[in-house]
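Per-entry structural report
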Amino acid sequence: MTALLEVEDLAYTYPDGTRALMGVSFSVAEGERVALLGPNGAGKTTLLLALIGIVEAQSGEVRVGGVTLEPETYPEVRRRIGVVFQDPDDQLFMPTVWRDVAFGPANLGLPAEEVESRTKEALAAVGMEEQADRAPHHLSGGEARRAAIATVLSMRPDVLVLDEPTSNLDPVGQRELAELLETLDTTQLIVTHDLPLALRLCPRSIVLNGGRVAADGPTAELLSDAALMAANRLELPYGFDPGTIAGR
Amino acid sequence: MSGVHAHALHYHGHSPVHRLASEVKIVAMFAFVAAVIATPTREVWAFGALAAILAVAVGLAELPTAFFLKRLSIELPFVIFALAMPFVGVGPYVEVGSLSLSVPGLWGAWNVLAKATLSVGASVVLSATTEVPDILAGFDRLRAPRLLTAIAGFMIRYLEVVVSELGRVRTAIAARLGNLSRRQEAATLASVAGTMFIRAYERGERIHQAMLARGYRGTIPPAATPALPARWAGTVAWIAASWVVAAAAILTS
């Protein structure tokens, strides 16, 4: 398998001295779906922002599809790595769903017909064609989440990076979102606290803790390793036994 | 949460005015307001004619009279201001019952009342027949500065978010604090204002990050081409009627 996304020794210290990333390395192959797990404050969100240069890492390297992240390649890397932020209210900022989904392709400088066909395609991929003309605040939680994913799909990213895609959704909404992510064949990196979701969707997980990669391996194995789980403040829902569930 | 047609000012319908492209309605509204403002105050007949022209638009838009009048109530602050004018204006005065009213003040009140009512009426027709995103797209198509329409869009988009956040903060305060003295209440509200500012600021930062992540480089992409026909002819005739009235009033005054 060829590595599509490569992160090498990435380090970032916030201006106030907080060391958020202390040499993070991993790679994701094309077509893989990988979960990024870790307790609050592990550096997950910082890592996600550093992948696209919104947070500028002091050292280390990010490469996606052979393109190395540097200020000149920000537009290219941001097209290739599509980040869906945690709060759809942050992600959906245009007056209608349609214009929001068209925002990325339009910024790529594509001709109007191409913007339109990509917008349609992305809305269809998440089943939101009907809601295209709605204002974002008239969407349900699940709809808003799907619209947020469409805003990134329309840029045809190489890698889809999702920050807590199931947060604030009810159980049905969570299941529906998981089913949607299963249907997308884009390479995915899913940042989540939802361990059953990780087990369901991602054959492989990376555990981040204290700004370092604490573990990287098959999700079912990691979730069954009680010592590893406890050391990284990870905990399965009450009564959940990963051994009895068919992982991927 | 409600359906598609859910902004408070909108009246759902399929009238000819609803089905008119938004930029046409915007131009018509501003042109009508210009005619209203240009009409000399003392040509009372002209305001009657302008009201009739506005009534035609309300009729074509199939807006119920009760809805229209209710929406007009937004001008109440101006009405209160207008009603005060006859009492504070200078002479000459006219005696009405036991009251001594200023004649220039009365004309001033009439001026404010008539012009505000007609202008607000025209904007009610626009807002009742056009969804907010369409109004913004209409301004875009009229080549209004993109920055201004983008700011207006963000404002409308996030007003609801901020108001619901404020609602949650107030509920949280009410849940923890029973009966406050006036002073405590003022202090609490002041800290809420600070909290709200910081939250709004942080949200702004996150939105900016989300925009950068999708390739934002300083310009908001324009709205797509209009889905609705422009049909200028009828609208221009309607605008022309109001300008003829204004011109006639200026000439006869």
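Keep in mind that what you see is a predicted model, and the values were worked out from it rather than measured.

**Section: the confidence of the model for chain B**
Residues and elements named next belong to chain B. Summarising the model, chain B shows a mean pLDDT of 87, and 94% of its residues fall at 70 or more. Across chain B, helix α2 (residues 44-60) holds the top mean pLDDT of 96, while helix α7 (residues 146-176) sits lowest at 83. The low-confidence segment residues 1-6 (pLDDT under 50) makes twelve contacts with residues lying over four places distant or belonging to another chain. Prediction confidence for the complex, expressed as pTM and ipTM, is 0.80 and 0.85 respectively.

**A word on the pairing of strand β4 (residues 59-64) of chain A**
Residues and elements named next belong to chain A. Both strand β1 (residues 3-13) and β4 contribute to a ladder of five bridges, which runs antiparallel. When the sheet's bridge partners are listed, Leu-5 is paired in β4 with Val-64. Two elements, β4 and strand β5 (residues 67-68), share two bridges in a ladder whose sense is antiparallel. Bridged to Arg-63 within β5 is Thr-68.

**Observations concerning the side chain of Thr-166 of chain A**
Residue and element names in this part refer to chain A. Within the secondary structure layout, Thr-166 lies in the loop between β7 (159-163) and α7 (171-183). At a separation of 3.2 Å, a polar atom in the side chain of Thr-166 contacts the side chain of Asp-194. In this view, Thr-166 contacts Arg-145, Gln-174, Leu-177, Thr-192, Asp-194 and Leu-197; residues no more than four positions away in its chain are not counted.

**With respect to the packing of helix α6 (residues 141-153) of chain A against α7 of chain A**
Residue and element names in this part refer to chain A. Two elements in contact, α6 and α7, have axes whose closest approach is 10 Å; the angle formed by their N-to-C orientations is 20°. Here α6 lies roughly parallel to α7, going by the angle between them. For the pair α6 and α7, the sense of crossing is right-handed. Contacts between α6 and α7 pair Arg-145, Arg-146 and Ile-149 from the former with Leu-177, Leu-180 and Leu-181 from the latter. Grouping the amino acids of the contact of α6 with α7 by side-chain chemistry returns four nonpolar, no polar and two charged.

Scoring rules and cut-offs
- Residues numbered from 1 in each chain as written.
- Chains lettered and ligands numbered in written order.
- Predicted model: local features only at pLDDT ≥ 70, side-chain atom pairs only at ≥ 80, totals over all residues.
- Heavy atoms only, no water.
- pLDDT = per-residue confidence, 0-100.
- Helix = DSSP H or I, 4+ residues; strand = E, 2+ residues; numbered from the N terminus.
- Contact = heavy atoms within 4.5 Å.
- Pairing = 2+ DSSP bridges.
- Polar contact = N/O pair within 3.5 Å; in protein donor to acceptor, adjacent residues only side chain to side chain.
- Axes fitted to C-alpha atoms, helices over the stretch in contact; angles between N-to-C directions.
- Parallel < 35°, antiparallel > 145°, perpendicular 65-115°, else oblique.
- Left-handed = near helix turned anticlockwise from the far one by under 90°.
- Nonpolar A, V, L, I, M, F, W, Y, C, P; charged D, E, K, R; others polar.

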